[in-house]
Structure formats: C-alpha cells, structure tokens
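The lines below spell out each chain.
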Amino acid sequence: MKKAIVIFGSTGNLMYKKLIPALDKIIQKRLVDEDFRIFAVARKQITIDEFIDIAKDKVKDHIDWAKFKSHLEYILFDIKNVEDYRTLKNKLNKDGYDDISVYLAVPPKLFPVIAKGVSQSKLVEKNNHHKRIVFEKPFGEDLESAKDINRELWKCFDENQIYRIDHYLGKEMIQNILVVRFANIIFENSWNHQAIRSITILSKESEGVMSRGNYYDKIGALKDMLQSHLLQMAALILMDKPQDFSSEAIKDAKVKALKNLAFDEKKLILGQYNGYRDAEKVDDNSQTETFVYAEASVKDQAWEGVPIHFVTGKKLEEKRSEIIVHFHEKNDLGDYFPKTKPQEDKLIIKVSPNEGVEFQFSVKEPGLGNNIQKASLDYCHNCKAMENTPEAYERLLIDLLNNQRTLFTRWDEIETTWKLIDELKGHHSKLYHYDSYQDIINVLKEKGVLVNDL
Ligand code: BG6
C-alpha cells in the first residue's frame, strides 16, 4: 500500500521541534518506502522552497533536506473550506495513496472543524482502517470538553481509527516498564504492598513556560502533565498483568488501574514560580499552578496502604523524569547484623534525560565488620544503544504508519484521567510562590512530605 501522512498545523512548533526530525530519521532509516509522502498543510501562502527555508531556520536537528524535500508536498489550505479537503482527497486518490494518516498538530479548538472536513470529504472514511486520524494532547480541557470533542469524533470515525498521542508513551523507558515488570519474575512477584512501601512518579523541568503562555495559563501543571504523562506512567506501573499483551488488553488493564486511583485532595500542594506572570500572554494575576505535588491511594487489596506520590513542575533545578519504587525496610537478619540499613531498597526507572533502570539494594560492607551498606545495579539504556535511542515521536510515527495502536490512548483512559483531575481541581488549594527549588522543598517538608526522591 502507498502510505501518506497529511499534517495540519505544519508551520507550527511541533512540526519543527518534533515531527520533521522524527520523519527525517524514519526516512533515513528506510522505515518507509520511497513513495511515502508527507503532505504539509497550512494556510501560509508560500512555496515548498520557502517552507523548507523557514524550517531550516527553526529545526535544530541535522536534517537531510534534499531527501526530506523529495518526500514532501506543501499544500495551501483553508481548514474552513470543505472544497480544500475534497481537492486534497482527489489528489491522494489520483496519486494512488490508499493508506493515509491525518495528523492534527493544531490547538484542540480546531479539532472539531478539521475532523468534520476530513470526514465529510472522506479523506478518512469511517471504518476504513487504512485511514486514521491523529490528535495531539491536550484532548480537551476537562471531562466535559473532552466528551464534547469525542462525541463529535465518534460521529465521523471508528474508535480504532482515532489515535490520541501522549508522547510519553513513545519514550523508550516508558515502553520498558512492561518488560521490567513482566519479563522479570523477581519484580513480578513482589509488585504489591507486601514488598512495596511507596511509589514516586516525577517529572521535573528546569525551563519555564517560555512562549507557551497563551496555552499554559489556561491549563496549568495539573492538566498539562498530571492528567496525561504522569497518570499514564502510573497506569503502567499499577496495572495487573494484562490477559495478553494486545493493545486492547493492555488498555483494559490500564483503565482498571486508573479507575482504582483516588487522590487525597488534602495532600495536594500547588506552586507557581516567581516570574511566571511576566511571561508572554500570561495574566498579571494568574493563579495557574506551575508545580504540583499530589498523593493518591489505590483501591485494590494488592496496593493497600501504598501511597503514590506525583511530582511535576517547571523552573525547578533540573530536568528529570523518573519512577521510584520504594521497598519496605524489612531486615530479617536477627542480631548478627545491624537492624538498620543505611538506605531502603529501591528500583528507579529513569525516563529522561538518562534512560535506564537502577536497583539499589543492600550488601555487607567489605571487611571485618558486619555493617550493611548500599549497593546498586545501574543499567544505562541509552549507553547501550549503538546510537541515540529513538525519540518518542519517531516510534509513535512508525507505529501510526503501521496501524499499531498500543502506544496511543483509548477514550476510556482519557475519560478516567479527566474525572480524576476534575475532582482534584474542584478543591481549592493554596498557591505557593517559589523562587527556587529549595522553596518548594521547604513547603513540602513543612507539610510532612518525604522529599528524599526529589
Ligand atoms: C508536554 C507539556 O506535553 O510535555 C509541556 O505540554 C512539557 O509543558 C513537556 O514541557 C515535557 O515533555 P518532555 O518529553 O520534555 O519531558
């Protein structure tokens, strides 16, 4: 089949930052045929050479522009004009493209109008599984708006044709969670409250909101990060073993885990970095949170009494995403060895910028004494790769083009996560202002939050 991807919003940030570099790699690695085409759709009246010139300026990665251009067509397009969709559909038909992915790299308010045009023109016709439509997050701004968008989409497309992106699912170490959990009996058998004391899921960023104030100020960290990336990580960490490892079975298990999560609104801590209100298009009195600490429990016997800590924020001292599984301090060595260990055992799944898995455990100190000391098995995933591990978008685009749905979110995942966030949002929480990461740590300590992982 001849494959094509149609990208709406192709003069936007996502195109330059993520999609062009990922598509270039896919082309370089020959993961698509020579006749694969990228139809870059936008409203700017420019030629393909002007489009490439602008892109050269904006894309930071090294791109083989000549090769990229040979796969590219630039299409001037008015998203409100149904004739433009028909013309594009006829062109794709005439050129023999019969496997088509339509990618909406646009703000969610444009989803309904584009989805309608795509459906009416039969660019993607319902139930044809060689035609699919892809949405970037955020999928709505709360449960109600997400439901509205989804209702419209289901009128036009089958759920199996809808690909909702959460780019964290494309990250190597997020995909690795299932392997670490289910390909290693030592973890599989101790994945419950008997062995595990608590879990921390964190994603810290050093950068601020930058030029995204217009979007971010209406959304905030709870919706921008917790609803999507952090809850997706939690679902993969907490879910039962799926019946089989098919896309649907994995999603069923994730949804069950998400439905069992309950946030404790009394333990929600929100912060805003000083200087945020000076960012472009941010309200002078903005109450939007740029930092979140939240704590949840799991309504499942296997996880009884195990708190799940969520931490995310901007303008912190480093960029780091990790999942930290803390094991109980149990030490059954009797009196011969000291009762206390210098540090509890933990498993750290390092998502970024380092990718890997570290297991910290206890051993006897070398020498004549009987002291216990910390040891660590530290597997570096990106060090093992011959070249850099693939970027999330590279993997997601390949899966999209090959009709593989596992790494995309199903509607009930989105619905369940929005329910959780709407409930949390409904409770008024004080907003702490921070200059530095230490300020945040101080607030957390004051509130009795264990800050070891942070
Ligand atoms: C995006 C958020 O989804 O994820 C951004 O909208 C955030 O605000 C980004 O900066 C973080 O992704 P990553 O891959 O850099 O950890």
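Above this text is the structure in question.
Source: prediction; values computed, not measured.

(A) Region of interest: the site of the ligand. Inspection of the region around the ligand gives Lys-137, His-167, Tyr-168, Lys-171, Glu-205, Arg-212, Asp-224, Met-225, His-229, Lys-314 and Lys-319 as its neighbouring residues. Of the residues belonging to the shell around the ligand, the class tally is two nonpolar, two polar and seven charged.

(B) Representation of unusual backbone geometry. Cis geometry is adopted by the peptide bond preceding Pro-138, which originates at Lys-137 and carries an omega value of 5°. In the segment running from Ser-352 into Pro-353, the intervening peptide bond is cis, with an omega of 0°. Secondary-structure assignment places Pro-353 in the loop between β13 (346-352) and β14 (356-364). Within the chain, Asn-127 stands out as a residue other than glycine whose phi angle is a positive 75°. Mapped onto the secondary structure, Asn-127 falls in the loop between α5 (111-120) and β5 (131-135). Backbone geometry at Lys-315 places phi at a positive 55°, although glycine is not the residue there.

(C) Molecular detail of the state of the cysteines. For the structure on display, the rule yields one disulfide. In this model, Cys-380 is linked to Cys-383 through a disulfide, with the two sulfur atoms separated by 2.0 Å. Residues Cys-380 and Cys-383 are joined by a disulfide whose S-S torsion is about 75°; by sign, that bridge is right-handed. When its relative accessible area of 60% is taken as the criterion, Cys-383 is described as exposed.

(D) How the structure looks around the packing of helix α10 (residues 247-259) against helix α13 (residues 411-425). The contact between α10 and α13 brings their axes to 9 Å, and the two run at 10°. Judged by the angle between their axes, α10 and α13 are roughly parallel. Every residue of α13 that contacts α10 at Lys-251, Lys-254, Val-255, Leu-258 and Lys-259 is listed here: Asp-412, Glu-413, Thr-416, Thr-417 and Leu-420. Here the contact of α10 with α13 is built from residues that sort into three nonpolar, two polar and five charged.

(E) Representation of the environment of Asp-148 within the structure. Take Asp-148: it is sitting in helix α6 (residues 143-156). Placed 115 residues apart in sequence, Asp-148 and Asp-33 show a C-alpha to C-alpha distance of 38 Å.

(F) Summary view of the pattern of salt bridges. According to the stated counting rule, one finds 34 salt bridges in the structure shown. Here Lys-314 makes a salt bridge to Glu-205, at a shortest N to O gap of 3.1 Å. With a gap of 109 residues between them, Lys-314 in the loop between β11 (308-313) and β12 (320-327) and Glu-205 in the loop between β7 (196-204) and α9 (213-238) connect regions that are remote in the sequence. Glu-205 shares its class with Lys-314; the two are buried. Lys-267 serves as the salt-bridge partner of Glu-295, at 3.5 Å between the closest nitrogen and oxygen. Of this pair, Glu-295 sits in strand β10 (residues 291-298) while Lys-267 sits in the loop between β8 (261-263) and β9 (269-273); the two residues are 28 residues apart in sequence, bridging distant segments of the chain. Residue class for Glu-295 comes out buried when judged on its relative accessible area of 14%. Judged by its relative accessible area of 37%, Lys-267 is partly exposed. Connected through salt bridges with shared partners, the residues Lys-204, Glu-317, Glu-318, Arg-320 and Glu-322 form a single ionic network.

(G) Broad picture of the environment of Val-134. With respect to the helices and strands, Val-134 occurs in strand β5. Exposure remark for Val-134: the relative accessible area of 0% places this residue in the buried category. Val-134 sits 27 residues away from Gln-161 along the chain, and the two C-alpha atoms are 8.4 Å apart. Residues within four places of Val-134 in sequence aside, it is in contact with Val-102, Tyr-103, Leu-104, Tyr-163, Ile-165 and Leu-400.

(H) How the structure looks around the sheet that holds strand β1 (residues 3-8). The six strands are arranged β3-β2-β1-β4-β5-β6 in an open sheet whose pairing can be described as parallel. If you trace the sheet from one side to the other, it starts and ends with β3 (72-76) and β6 (162-164), each paired once. Taking the axes of each pair of neighbouring strands and ignoring which way they run, one obtains an average angle of 20° across the sheet. Judged from the five bridges that link them, β1 and strand β2 (residues 37-42) form a sheet pairing that is parallel. Note that in β2 the partner of Ile-5 across the bridge is Ile-38. Along the sheet, helix α12 (residues 392-401) makes contact with β1, β4 (99-104), β5 and β6, crossing β4 at roughly 140°.

(I) Representation of the packing of aromatic side chains in the model. For the coordinates displayed, the defined rule picks out 21 aromatic pairs. Aromatic side chains Phe-263 and Phe-310 sit 5.4 Å apart centroid to centroid with 55° between the ring planes, which places their arrangement in the tilted category. In this pair, Phe-263 sits in strand β8 while Phe-310 sits in strand β11, placing the two residues 47 residues apart along the sequence. The pair Phe-263 / Phe-310 is uniform in exposure class, with both members buried. Joined through ring pairs, the aromatic side chains of Phe-187, Trp-191, Phe-327, Phe-359 and Phe-361 make up one cluster. The ring of Tyr-163 is capped by Arg-405, whose NZ or CZ atom sits 4.9 Å from the centre of that ring.

(J) Spatial organisation of helix α4 (residues 82-94). Compared with the 18 Å implied by 1.5 Å per residue over 13 residues, the 18 Å span of α4 between its first and last C-alpha is a close match. The secondary structure elements touched by the buried residues of α4 are β1, β2, β3, β4 and α5. Of the residues flanking the start of α4, the one acting as N-cap is Asn-81, its side-chain oxygen 3.0 Å from the backbone nitrogen of Glu-83. Trailing α4 by a residue or two, Gly-96 shows a phi angle of about 85°, which is positive.

Calculation criteria
- Every residue gets a number counted from 1 within its own chain, in the order that chain's sequence is written.
- Totals for whole chains, interfaces and linings use all residues, but because this is a predicted model, local features are given only for residues with pLDDT of at least 70 and pairs of side-chain atoms are given and counted only at 80 or more.
- Here the side-chain values reflect all heavy atoms present in the structure, with hydrogen atoms and water set aside.
- For this purpose, a residue is taken to be near a molecule or strand whenever a single non-hydrogen atom of the residue falls within 4 Å of it.
- Gly is put with the polar residues, along with every residue not named as nonpolar or charged; the nonpolar set is Ala, Val, Leu, Ile, Met, Phe, Trp, Tyr, Cys and Pro, and the charged set is Asp, Glu, Lys and Arg.
- Counting from the N terminus, the helices are DSSP H or I runs at least four residues long and the strands are E runs at least two residues long.
- For the purposes of this analysis, a disulfide is any pair of cysteine sulfur atoms at a distance within 2.5 Å.
- Burial here depends on accessible area, computed with a 1.4 Å probe over protein chains only, as a share of the maximum for the residue type. Under 20% is buried, over 50% is exposed, and the range in between is partly exposed.
- Axis angles are defined between N-to-C directions and span 0 to 180 degrees, where every axis is a line fitted to C-alpha atoms and, for a helix, only to the segment in contact.
- Any angle between 65 and 115 degrees counts as roughly perpendicular, while under 35 counts as roughly parallel, over 145 as roughly antiparallel, and the rest as oblique.
- Contacts were defined at the residue level, with two residues in contact if any of their heavy atoms lie within 4.5 Å.
- Basic side-chain nitrogens of Lys or Arg form a salt bridge, by our definition, when they fall within 4 Å of a carboxyl oxygen of Asp or Glu.
- A strand pair is defined by DSSP finding two or more bridges across the two strands.
- What counts as a ring pair is set by centres within 6.5 Å for rings of Phe, Tyr and Trp (its six-membered ring), and what kind of pair is set by the plane angle: stacked under 30 degrees, edge-to-face over 60, tilted for all other angles.
- Geometrically, a lysine NZ or arginine CZ counts as sitting over a ring once it is within 6 Å of the ring centre and also within 35 degrees of the ring normal.
- Multiplying 1.5 Å by the residue count of a helix minus one yields the expected span of that helix.
- Under the rule applied, a polar contact is a pair of N or O atoms within 3.5 Å (in protein, one hydrogen donor and one hydrogen acceptor; residues adjacent in sequence only if both atoms are side-chain atoms).

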